[in-house]
Amino acid sequence: MTNYQNAVLSAYEKMLIECDKAPAAVAKIPVFGKKIIRVRELVTEIKSLIPQQEEITTGITTEKNALLEDVAELVLDIVGAVHAYAEERKDINLQEKVSYNRTQVHHEDQAGLIHIADIVMAQVQKIPAADLEECGIAADEVQECTDKLAKLKTSVNDKNIVSIDQSNITKRIGSLFGELADIRHNSLDKLIRQFERKDPDFYFKFKAASVIHYSPAKKAAPTPTA
């Protein structure tokens, strides 16, 4: 939700509070009361969509972070084993190909980690399983790294999935706000003026609640040029 939408939603919530405090006043104009019921339904649905919008991103991000951590740790263990294997055979070229440390690996983003893991796993395929196991890495650990690396690669597209899901919710929220605006403009604003005569206390409280308190961010002043 945008800051403006939050401000608008807050105004509608305050309007509903004032209506709840004065049911007798609202009842004086049945159509007004009917529209307020619909406003309440719309506000409730919008509020139910907000956490869904946030959860879509949060859930996938949490899972992806755990996967990144698992792949990074497995790669580091395998790097250590391959380096030890290369040391035993005085294979300086192989040592240089897998010369990654913890700081390097953990500071990489997803694409960088995948690149490093691909390089390391390519070298692993050249080493006999028995020799690698002597250095502490069993075949099932290599397979685990391969599987998690493949999963990490497919998760690159998760961002697109998130964008689609968020777009659908955003469109629905926009539609609900559109209906709220329509109700306010075509019904509430047209009927509320009667309360200035029929129930002034409710009229002024409702009008005050309906004000949208929103201050758009100010743009930075342009830098003076010579």
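Each value, and the rule that gives it
Residues numbered from 1 in each chain as written. Predicted model: local features only at pLDDT ≥ 70, side-chain atom pairs only at ≥ 80, totals over all residues. Heavy atoms only, no water. Helix = DSSP H or I, 4+ residues; strand = E, 2+ residues; numbered from the N terminus. Expected span 1.5 Å × (residues − 1). Buried < 20%, exposed > 50% of the residue type's maximum accessible area, 1.4 Å probe, protein only. Axes fitted to C-alpha atoms, helices over the stretch in contact; angles between N-to-C directions. Parallel < 35°, antiparallel > 145°, perpendicular 65-115°, else oblique. Left-handed = near helix turned anticlockwise from the far one by under 90°. Contact = heavy atoms within 4.5 Å. Nonpolar A, V, L, I, M, F, W, Y, C, P; charged D, E, K, R; others polar. Core = buried A, V, L, I, M, F, W, Y, C linked by side-chain atoms within 4.5 Å. Salt bridge = Lys/Arg side-chain N within 4 Å of Asp/Glu carboxyl O. Polar contact = N/O pair within 3.5 Å; in protein donor to acceptor, adjacent residues only side chain to side chain. Phe/Tyr/Trp six-rings, centres within 6.5 Å; stacked < 30°, edge-to-face > 60°.

1. Describing helix H1 (residues 3-21)
End to end, H1 covers 27 Å across 19 residues, agreeing with the expected 27 Å (1.5 Å per residue, within 8%). If you check which residues of H1 are buried, you get Gln5, Ala7, Val8, Leu9, Ala11, Tyr12, Met15, Leu16, Glu18 and Cys19.

2. Considering the packing of H1 against helix H11 (residues 200-209)
Between H1 and H11, the least distance of the axes is 8 Å, while the angle of their chain directions is 160°. One element, H1, and the other, H11, form an angle in the roughly antiparallel class. Taken as a pair, H1 and H11 cross one another with a handedness that is right-handed. Touching Ala11, Lys14, Met15, Glu18 and Cys19 of H1 are Phe202, Lys205, Phe206 and Ala209, all from H11. Of the residues assigned to the contact of H1 with H11, the class counts are 6 nonpolar, no polar and 3 charged.

3. Thoughts on the nonpolar core
Soluble globular proteins: nonpolar side chains tend toward being buried together. Phe32, Val39, Leu180, Leu188, Phe195, Phe202 and Phe206 are the most contacted members of the largest nonpolar core, which totals 32 residues. Secondary structure elements with two or more residues in this core: H1, helix H2 (23-27), helix H3 (30-88), helix H9 (158-191) and H11. In terms of nonpolar packing, the next biggest core, distinct from the first, is built from 29 residues, Val71, Ala72, Ile116 and Cys145 among them.

4. With respect to the pattern of salt bridges
Under the definition given, this model contains 15 salt bridges. In this structure, Lys90 engages Glu87 in a salt bridge whose closest nitrogen and oxygen atoms are separated by 4.0 Å. For Lys90, a relative accessible area of 65% corresponds to the exposed category. Judged by relative accessible area, Glu87 falls into the partly exposed class, the value being 40%. Between Lys153 and Asp118 there is a salt bridge whose closest N-O contact spans 2.9 Å. One end of the pair, Lys153, is in helix H8 (residues 139-154); the other, Asp118, is in helix H6 (residues 110-124), and 35 residues separate them in sequence. Take Lys153: its relative accessible area is 37%, and that puts it in the partly exposed class. Three or more residues joined by partner-sharing salt bridges are found here, namely Arg38, Glu41 and Glu179.

5. Quick notes on the environment of Ser99
Within the element layout of this structure, Ser99 appears in the loop between helix H4 (92-97) and helix H5 (102-106). Relative accessible area serves as the criterion here: at 44%, Ser99 is assigned to the partly exposed category. Along the primary structure Ser99 and Val79 are separated by 20 residues, whereas in three dimensions their C-alpha atoms are 7.6 Å apart. Polar contacts involving the side chain of Ser99 include one to the main-chain carbonyl oxygen of Glu96, which spans 3.0 Å.

6. Thoughts on the packing of aromatic side chains
Going through the model one piece at a time under the given rule, you end up with 6 aromatic pairs. With centroids separated by 6.3 Å and ring planes inclined at 90°, the aromatic side chains of Phe32 and Phe202 adopt a geometry described as edge-to-face. Placement of Phe32 in helix H3 and of Phe202 in helix H11 is noted, with a sequence separation of 170 residues between them. Pair check on accessibility: Phe32 and Phe202 agree, each one buried.

Geometric values such as these leave the question of function open.
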